[in-house]
Amino acid sequence: GKRIKALTAEEEARRREEIKEKLREKLELEKRALQVVERLLEDSVAEDFLVDCAKFITPANYKDTIEERSIAKLCGYPICPNKLGKIPTQQYKISAKTNKVYDITERKCFCSNFCYKASKEFELQISKTPLWIRQHESPPEIKLLKKGDGGSSGEEVMLSEKRLKEEDIENPLNDRRTKDPVLPLIDSQAQHLIQKRITVEKLTSCLRNIVGPLHLTMSDVSTDLNSLVRTFRFTNTNIIHKTPEWTLIAVVLLHLLSEVSPAVREALKRSASVEYLNTLMEELGLQEQDVLNLVQLFKPPKH
Ligand SMILES: [Zn+2]
């Protein structure tokens, strides 16, 4: 028994040593990656050097490189020697050519559409395998984009044109589009669209659970809900709530919709509905009167 114990202790010590060795190796590789990033921050980097670097860095290292270069007012694409001019402050841009909303957060780090696209291409070719397990894979063959292969205005925001039209609040976009696609107004308009979309999505996912027990369907409420949400004044903070808070908001809004929708009004009158909503509110630590008080806040004062 003793001998086995001695052996396992020895085994244990060896395994520990191995793990330590692996850790040392990992740290060494990470240190080298940072040194490579530093080299990539120089004004202009040779093409073959950039290609060679892909072996030693992760996509995250490369993203850091782009960011660091742009902070230093250098084009994010390491082989480009251009300085960045005036950097636009907005996050979104409407392309006059494609009539789409673009997120230009990343695009702003580059001197041209070409450099943006070439950099993206390079980034996508960097192996996602962690540095310390790479010795077992053959390094990928990196191809750099050549001039004349075109470029891109930014990441397309997942707002389809169809959706923009349906919600028919993009008129200001349409008016401005042909004049100047980079006015800050469009930025705030695009932001507003996104804030509204987030709100509608959150409310819809809460209501989807609630409408069933009330014998309503989503189509009974969605049109009126959309019109109501359209009147809201959004900020970056008043659209952030926890799920129970969204549930409460959804219930209050449902009561407000009963003012315009006979179907909702009838549904909320049923005693089974009242009971269900009371139970739901109890789970949030609220009583029926609390909700009714909130609803009251939205109603015009009685004379
Ligand atoms: Zn450039």
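Residues numbered from 1 in each chain as written. Predicted model: local features only at pLDDT ≥ 70, side-chain atom pairs only at ≥ 80, totals over all residues. Heavy atoms only, no water.

**Overview of a negative patch on the surface**
(1) Moving on: Together, Glu38, Asp64, Glu67 and Glu68 make up a region of like negative charge exposed at the surface.
(2) Moving on: Top contributing element to the negative patch by residue count: helix α3 (residues 59–71), with three residues.
(3) Moving on: Considering the arrangement of structural elements, one finds Glu68 in helix α3. (Patch = residues over 30% accessible without salt bridge, like charges linked within 9 Å, V, L, I, M, F, W, Y side chains within 5 Å. Areas by Shrake-Rupley, 256 points an atom, 1.4 Å probe, with all protein chains shown as cover. Salt bridge = Lys/Arg side-chain N within 4 Å of Asp/Glu carboxyl O. Lys, Arg positive; Asp, Glu negative; His and termini not counted. Charge placed at Lys NZ, Arg CZ, Asp CG, Glu CD. Helix = DSSP H or I, 4+ residues; strand = E, 2+ residues; numbered from the N terminus.)

**Points about the packing of helix α10 (residues 262–269) against helix α11 (residues 271–283)**
(1) Moving on: Axis separation between α10 and α11 bottoms out at 5 Å; the angle between their running directions is 75 degrees. With respect to α11, the element α10 is oriented roughly perpendicular. Counted together, Ala267, Leu268 and Lys269 of α10 and Ser271, Ser273, Val274 and Leu277 of α11 form the full contact between these two elements.
(2) Moving on: Classifying every residue of the contact of α10 with α11 gives four nonpolar, two polar and one charged. (Axes fitted to C-alpha atoms, helices over the stretch in contact; angles between N-to-C directions. Parallel < 35°, antiparallel > 145°, perpendicular 65-115°, else oblique. Contact = heavy atoms within 4.5 Å. Nonpolar A, V, L, I, M, F, W, Y, C, P; charged D, E, K, R; others polar.)

**A word on the confidence of the model for the protein**
(1) Moving on: Predicted confidence across the protein gives a mean pLDDT of 80, with 78% of residues reaching 70 or more.
(2) Moving on: Across residues 157–186, where pLDDT falls below 50, the model places 49 contacts with residues more than four positions away in sequence or in other chains. (pLDDT = per-residue confidence, 0-100.)

**Observations regarding the packing of aromatic side chains**
(1) Moving on: Scanning the model with the defined rule gives three aromatic pairs in all.
(2) Moving on: On the numbers, 6.3 Å between centres and 75 degrees between planes, the contact of Phe232 with Phe234 is edge-to-face. (Phe/Tyr/Trp six-rings, centres within 6.5 Å; stacked < 30°, edge-to-face > 60°.)

**Let's talk about the pattern of salt bridges**
(1) Moving on: A complete count under the given rule lists 15 salt bridges for this structure.
(2) Moving on: A salt bridge links Lys299 to Glu259; its shortest N-O distance comes to 3.3 Å. One end of the pair, Lys299, is in the segment after α12 (288–298); the other, Glu259, is in the loop between α9 (243–257) and α10, and 40 residues separate them in sequence.
(3) Moving on: A relative accessible area of 30% means that Lys299 is categorised as partly exposed.
(4) Moving on: Notably, a salt bridge pairs Lys269 with Glu266, separated by 3.6 Å at the nearest N-O pair. Of the two residues, Lys269 and Glu266 are both situated in helix α10; the distance of three residues between them amounts to about one turn of the helix.
(5) Moving on: We classify Lys269 as exposed; its relative accessible area is 57%.
(6) Moving on: A relative accessible area of 45% places Glu266 in the partly exposed class.
(7) Moving on: Overlapping salt bridges, with partners in common, bring together Lys63, Glu106, Lys120 and Glu123 in one network. (Buried < 20%, exposed > 50% of the residue type's maximum accessible area, 1.4 Å probe, protein only.)

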